[in-house]
Amino acid sequence: MHGKHQESEPYEVEWEIWVENRLGIHARPAAQIMNLAAQFDATLILEKDGLQANTRELLALLALDCPQGTRLVIKASGAEAWQAAQALAGLFARKFGET
Amino acid sequence: MSEQNRILKGIPASPGIVIGRARVLSDLGDFRASYRLLFTEEEKIAEIKRFESAVDQAHADLTRLKEKIAAEFPEHTHLLELHLLILKDQMLYDEPLRFIKESNLNAEWALYRAFERVRELFNRIEDPYIKGRIQDVESVYRRLLGNLSGKSSGRYYYSSEPLILVARDLSPAETSQMAGSKVLGFITERGGKTSHTAIMAQSLEIPAVVGLDNATREIIPGDELILDGLTGRVILSPGNGVIKKYRARKQEFEAFKDAVTRSSSAPAVTLDGHPVQVLANIELPEEVQLAQKYGADGVGLYRTEFLYMRQPRMPTEAELFEDYRRVVEAMQPRQVTIRTLDIGGDKFISRLEYAPEMNPALGLRAIRFCLREQEIFRTQLRAILRASAFGQVRIMFPLISSVQEMRTARELLQAAAQELAEQDIPFDPNLPVGAMIEVPAAVTLCRVLAREADFFSIGTNDLIQYALAIDRGNKMVASMYQPLHPAVMHMIQQVVAAGREAGIPVAMCGEMAGDPLHIPILLGLGVDELSMNAMAIPVIKSVIRQFNLDEAREMAAKALDMVTVEEINDFASQKMSERFPEIFRFGSALAGIQ
């Protein structure tokens, strides 16, 4: 659920990234993020200004309101936390394949 | 049965004429969620089942639609994929289930509450594009509510018979379902010419009339009607005579459309062998495809404001370069004319310390703004110069009103080029530099300006606004905005003459250039290049091909002798209707002008 920052959760990875694609996290990138998250045994969270969205929830990702230039933190925990975070950062870096 | 030949008038959104029977879609927007409390465990279990089967049904329906569309229009399937994801989203699936279980709510009210929460969340979103996706959530919500009501299984219109859809509103997803269906055309009460639904109808080539008030009440299901997407007219219960007339009109239009689009990529040459460049105005790199589809000879106006408006920070040189290079490479070997930033200081309030202006049209904007904020300008100039290494680029400065402005802008461009040369970054050293002529002062000074520029481009939208002192957005005076006003015609003539004298080409890139009615006179005045919305290109090319330059010159000379705009308008219309009845009747609609 899209909500407040939870101090208690221990994350194994915390990375800062920037939304670089032109249209920001609109419907298609959000769907790509969801598909990616489903492939890993990990809890993968995106955080913006203290607000969090679980990467498995489309509407929460959209509601995070991330146009181009937004600063985000990837937070990951679980068995494949590292791989999942890396893959997600890669998706952002490739600008979701937008040309 | 309605009375015969009743005419309703809406906004023409997608050209074409169809005749058929009406199917009026019930309005899912008026489905009200009912409220009921559940008292027993059994009731809850039954309610959960009911909700889940409504979701399953929606899932099956959407999947079926997706497959149906995928075969013919794969580019439209993503909307349905998005709806499938929303359908199973926690906020619209898990939440209603929780409300049923924990708050003893019936399925409809549980769904309604969940949807309202999503709506609240989206209300806080600032980015207009992302915020707009609430429409998709709403569409899924309505579909589920429809399924729960049991009265309707969503808004489907499968039919073995051809039909014309009538609805209060259609979502883009609903419109996409028309691809390859029996839907001949559609009529909606809401929407405008540039709404998503209208744009999709154009791309699917389905005739449509939008913004027709009370359509769902005035039109009775099963009524025969004529939908004229050229004029926005809808004729109810047409008599045999009217049907016959419209059948003929339909045939003529379709023949005209075929003829015009068939040859759109060939060059436009007048009957006496004089070639005219017909170019596209674009804003986004993606629009290059549209320009190519409609046969543009190049890009005559590439607006560059988008990247600056889109995000809260300034775009970097790398981002700008990336966009410009994409356009330039895609259009290669054709020419791309990039207009430098045409934006007002008021748009940058959050980033720069500018107060809102009383009269922004006369304020710190375009080249004035760039000469004030030279760092911003320098970044863009470098990006344009770098892109010039990848194809045929021209640069032009908007809102030039003095020779000094032109000189300063060129000096800054020269300085940027010098920097690049020192850094060994490639660019085109012979990049043509143009002045946009859109301020009356520039017209008065055009003979001297012509010595400072490699080409002119007349921006008619601003030039007409400033020359006639008319704000087109002001309904009280909008009708006085007249492109063929004698004052405007004489200004164009003056600019062309100055260009001739200095040996530089004169282009035109305002809306005036994309209206078939103006073309003979513009040709006759001697404008070398015309740049317009891509959709207008095929029609404009066909007008050019059917004219002799001599005839056009004669027309222009006659028009220049007239002293009132009424005379000139009548003259242009009359000449057009005599010489090219088809273009006179259909050309503007096909060019997207109303």
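None of these values were measured; they are calculated from a predicted model.

Draft legend 1. Here's a closer look at the sheet that holds strand β6 (residues 208–210) of chain B. Residue and element names in this part refer to chain B. If you trace the eight strands from one edge of the open sheet to the other, you get β1-β8-β7-β3-β4-β5-β6-β2, paired in mixed fashion. Only two strands of the sheet have a single neighbouring strand rather than two, namely β1 (6–9) and β2 (11–14). Looking at each pair of strands side by side, their axes are set apart by 30° on average, direction ignored. Two elements, strand β5 (residues 183–188) and β6, share two bridges in a ladder whose sense is parallel. Considered in β6, the bridge of I187 is made with V209. Packing against the sheet, helix α10 (residues 240–262) makes contact with β3 (17–24), β7 (224–228) and β8 (233–236), and its axis sits at approximately 120° to β3.

Draft legend 2. Inspection of helix α6 (residues 134–149) of chain B at higher detail. All names here are of chain B. End to end, α6 covers 22 Å across 16 residues, agreeing with the expected 22 Å (1.5 Å per residue, within 8%). Of all 16 residues that make up α6, twelve are buried, and the element is covered over most of its length. When we look at burial in α6, the residues that qualify are I134, D136, V137, S139, V140, Y141, R143, L144, L145, G146, N147 and L148. Looking one or two places after α6, you find G150, whose phi comes out positive at around 75°.

Draft legend 3. Representation of the confidence of the model for chain A in the model. All names here are of chain A. This prediction gives chain A a mean pLDDT of 86; 90% of its residues lie at or above 70. Predicted confidence in chain A is weakest over strand β1 (residues 13–18), with a mean pLDDT of 90, and strongest over strand β2 (residues 43–48), with 95. Scored below 50 in pLDDT, residues 1–8 makes 21 contacts in the model with residues more than four places away or belonging to other chains.

Draft legend 4. Local environment of helix α3 (residues 81–93) of chain A. With 13 residues, α3(A) extends 18 Å between its outermost C-alpha atoms, agreeing within 8% with the 18 Å of an ideal straight helix rising 1.5 Å per residue. Those residues of α3(A) lying buried are A81(A), A84(A), A85(A), L88(A), A89(A), G90(A), L91(A) and F92(A).

Draft legend 5. View of the packing of helix α4 (residues 107–123) of chain B against α6(B). Residue and element names in this part refer to chain B. Relative orientation of the contacting elements α4 and α6 amounts to 175°, with a least axis distance of 11 Å. In terms of axis orientation, α4 runs roughly antiparallel to α6. From α4, A107, E108, L111, Y112, F115, V118, R119 and F122 reach across to α6, where they touch I134, V137, E138, Y141, L144, L145, L148 and S149.

Quick notes on the rules
- Residues numbered from 1 in each chain as written.
- Chains lettered and ligands numbered in written order.
- Predicted model: local features only at pLDDT ≥ 70, side-chain atom pairs only at ≥ 80, totals over all residues.
- Heavy atoms only, no water.
- Pairing = 2+ DSSP bridges.
- Helix = DSSP H or I, 4+ residues; strand = E, 2+ residues; numbered from the N terminus.
- Axes fitted to C-alpha atoms, helices over the stretch in contact; angles between N-to-C directions.
- Contact = heavy atoms within 4.5 Å.
- Expected span 1.5 Å × (residues − 1).
- Buried < 20%, exposed > 50% of the residue type's maximum accessible area, 1.4 Å probe, protein only.
- pLDDT = per-residue confidence, 0-100.
- Parallel < 35°, antiparallel > 145°, perpendicular 65-115°, else oblique.

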